[in-house]
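# Commentary on secondary and tertiary structure
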Amino acid sequence: MIQASACGKVILFGEHAVVHGFPAIAVPVSGLRVLVRVHPPEQPGETLQIVASDLDMSVRELHSVDELPDDPLLRIAALTLRAAGQPVPSLRLEIHSHIPIASGLGSGAAISTAIARALLSSCETELPAEKLNELVYQVESIYHGRPSGIDNTVIVYERPVYFVRGEPIELPEIAEPFTLLIGDSGVRASTRVSVGFVSRRIESEPVAVMPLLKQIGELSKAARHVLQHGNPDMLGPLMNENHRLLREVGVSSERLDVLVAAALEAGALGAKLSGGGMGGNMITLVGPAGADAVAGALERAGAVSVRRTTVQATL
Ligand code: PMV
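These remarks concern the structure in this document. Nothing here was measured: the structure is a model prediction, and the numbers come from that model.

## Side note on the site of the ligand
K9, H16, S148, D151 and T191 are the nearest of the 16 residues found near the ligand. In this structure, D151 approaches the ligand through a side-chain N or O atom, which is 2.9 Å from an oxygen atom. A total of 380 Å² of accessible area belongs to the ligand in isolation, and the protein chains cover 95% of it. Elements with a contribution of two residues or more to the shell around the ligand: strand 1 (2-13), helix 4 (150-157) and helix 5 (191-204). For the shell around the ligand, a count of residues per class yields six nonpolar, seven polar and three charged.

Okay, structure coming up:
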């Protein structure tokens with residue numbers, strides 16, 4: 001059976017600042033995936049069907065590659081087939097996602113990427129990663145308005161990415177592995193809402209907000225240096241400072257702050273919200289000895305789930 005997958009992601013530094021032209025760093029979460037299985041149609045001759053039983057029960061159908069459907073799952077299918085010069089195949093795609101939605105872990109971009117990959121392998125064809133990235137970005141725009149592009153990039157390349165809007169993609173080498181815990185606040189939050197909030201603040205108080213975003217961008221630059229040269233423990237204080245700045249920008253929440261404080265009290269090296277904020281997830285950097293204690297502290301502080309992920313060295 002043909003199947004394809006795509007990973008989740010977390011933003012290590014620079015969310016929100018990246019929307020306004022400052023650098024950010026995101027890393028893949030390879031253990032958290034969307035899987036798409038390709039089946040023959042239930043009835044011969046049926047058109048392309050996409051079923052996402054984890055998300056909802058409705059069956060979506062694509063009849064022509066010339067359609068531009070509003071539905072994001074059908075939109076990526078149409079864009080992929082069109083880019084690959086393929087007709088609509090008679091297939092049934094089943095999506096299984098382990099990535100929670102609306103929590104800053106990249107579920108939308110991962111679903112699009114996995115659908116595109118499944119269709120390309122069924123048609124025994126390929127698209128360059130750069131092209132796939134562009135298509136997934138187009139679909140991300142349906143969810144988020146005008147996303148920076150960092151989510152689709154880290155997911156399509158499945159590599160840590162140093163990202164500046166409008167500049168060539170940079171995939172920095174990672175000198176030493178490090179482990180993060182991802183604590184879910186349990187509150188679903190819309191990135192579109194938090195991005196809109198920051199844009200309105202920039203309009204009404206540019207002098208207060210722009211320097212905060214600029215400082216966040218400087219933290220991303222410092223973090224890139226640490227990632228490339230080793231001693232990842234040094235990321236901890238940078239994460240703490242990034243969280244403090246995001247609080248000042250106004251995109252944290254009481255629950256996220258409680259989780260960040262609990263992780264630090266339990267011995268984490270650093271902690272911050274990750275993604276759009278106002279809910280969703282926080283991340284915390286842990287050493288090998290302290291991970292269990294920090295995970296326990298996050299659970300006691302109200303995290304509805306705690307996931308562990310290691311960013312591998314690439315050198
Ligand atoms: O999709 P999320 O919640 O991980 O947020 C993406 C990060 C933002 O910087 C807030 C938005 C963007 O488009 O980069």
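## Some points on the sheet that holds strand 10 (residues 305-311)
Remark on secondary structure: sheet strands pair via backbone hydrogen bonds, oriented parallel or antiparallel. A sheet is described by the order of its strands in space; here four strands give the open sequence 8-9-7-10, paired in antiparallel fashion. The sheet terminates laterally at strand 8 (270-274) and strand 10, the two strands that pair on one side only. The average angle at which neighbouring strand axes cross in this sheet is 25°, direction not considered. By the bridge criterion, seven bridges tie strand 7 (residues 178-184) to strand 10 in an arrangement that is antiparallel. Looking at the pairing, I182 lines up with R307 of strand 10. The sheet contacts of helix 8 (residues 254-265) involve strand 7, strand 8 and strand 9 (281-286), and relative to strand 8 the element is tilted by about 160°.

## Some words on the packing of aromatic side chains
Per the counting criterion, the structure on display carries zero aromatic pairs. The ring of Y162 carries R224 above its face, with NZ or CZ at 3.9 Å from the centroid.

## Looking at helix 9 (residues 291-300)
Listed in full, the buried residues belonging to helix 9 are A291, V294, A295, G296, A297 and L298. Close packing links the buried residues of helix 9 with strand 7, helix 8, strand 9 and strand 10. Residue G302 follows helix 9 closely and has a positive phi angle near 110°.

## Let's talk about the pairing of strand 5 (residues 92-97)
The buried fraction of strand 5 amounts to five of the six residues, a majority that puts the element mostly inside the structure. Pairing analysis gives three bridges linking strand 3 (residues 48-51) to strand 5, with the strands arranged parallel. By the bridge assignment, V51 is partnered in strand 5 with E94.

## Thoughts on the pattern of salt bridges
Here the structure, examined in full by the defined rule, presents 15 salt bridges. One salt bridge connects E205 with R201, and the closest N-O pair in it is separated by 3.1 Å. E248 serves as the salt-bridge partner of R244, at 2.6 Å between the closest nitrogen and oxygen. With R244 and E248 both in helix 7 (residues 235-249) and four residues apart, this pair spans about one turn of that helix. We classify R244 as partly exposed; its relative accessible area is 37%. Its relative accessible area of 41% is what places E248 among the partly exposed residues. A network of salt bridges, in which partner residues are shared, links E241, R244 and E248.

## Some words on helix 1 (residues 72-84)
Here helix 1 contains 13 residues, and its C-alpha end-to-end distance of 18 Å stays within 8% of the 18 Å for a straight helix at 1.5 Å per residue. Along helix 1, eleven of the 13 residues are buried, which leaves the element largely enclosed by surrounding structure. All buried positions along helix 1 are accounted for by P72, L73, L74, R75, I76, A77, A78, L79, T80, L81 and A84. On its buried side, helix 1 packs onto strand 3, strand 4 (59-62), strand 5, helix 2 (107-122) and helix 3 (129-144). The N-cap residue of helix 1 is D71: its side-chain oxygen and the backbone nitrogen of L73 are 3.0 Å apart. Just past helix 1, the residue G85 takes up positive phi, approximately 70°.

## Some details on the packing of helix 1 against helix 3
Between helix 1 and helix 3, the shortest axis-to-axis distance is 10 Å and the interhelical angle comes to 155°. Classified by the interaxial angle, the pair formed by helix 1 and helix 3 is roughly antiparallel. Crossing handedness for the pair helix 1 and helix 3: right-handed. In this structure, helix 1 contributes P72, R75, I76, L79, T80 and A83 to the contact, and helix 3 contributes K131, L135, V136, Q138, V139, I142 and Y143. The class makeup of the residues in the contact of helix 1 with helix 3 is nine nonpolar, two polar and two charged.

What counts, and at which threshold
Residues numbered from 1 in each chain as written. Predicted model: local features only at pLDDT ≥ 70, side-chain atom pairs only at ≥ 80, totals over all residues. Heavy atoms only, no water. Near = heavy atom within 4 Å. Polar contact = N/O pair within 3.5 Å; in protein donor to acceptor, adjacent residues only side chain to side chain. Areas by Shrake-Rupley, 256 points an atom, 1.4 Å probe, with all protein chains shown as cover. Helix = DSSP H or I, 4+ residues; strand = E, 2+ residues; numbered from the N terminus. Nonpolar A, V, L, I, M, F, W, Y, C, P; charged D, E, K, R; others polar. Pairing = 2+ DSSP bridges. Axes fitted to C-alpha atoms, helices over the stretch in contact; angles between N-to-C directions. Contact = heavy atoms within 4.5 Å. Phe/Tyr/Trp six-rings, centres within 6.5 Å; stacked < 30°, edge-to-face > 60°. Lys NZ or Arg CZ within 6 Å of the ring centre and 35° of its normal. Buried < 20%, exposed > 50% of the residue type's maximum accessible area, 1.4 Å probe, protein only. Salt bridge = Lys/Arg side-chain N within 4 Å of Asp/Glu carboxyl O. Expected span 1.5 Å × (residues − 1). Parallel < 35°, antiparallel > 145°, perpendicular 65-115°, else oblique. Left-handed = near helix turned anticlockwise from the far one by under 90°.

Without other data, these values stay purely geometric and don't point to any function.
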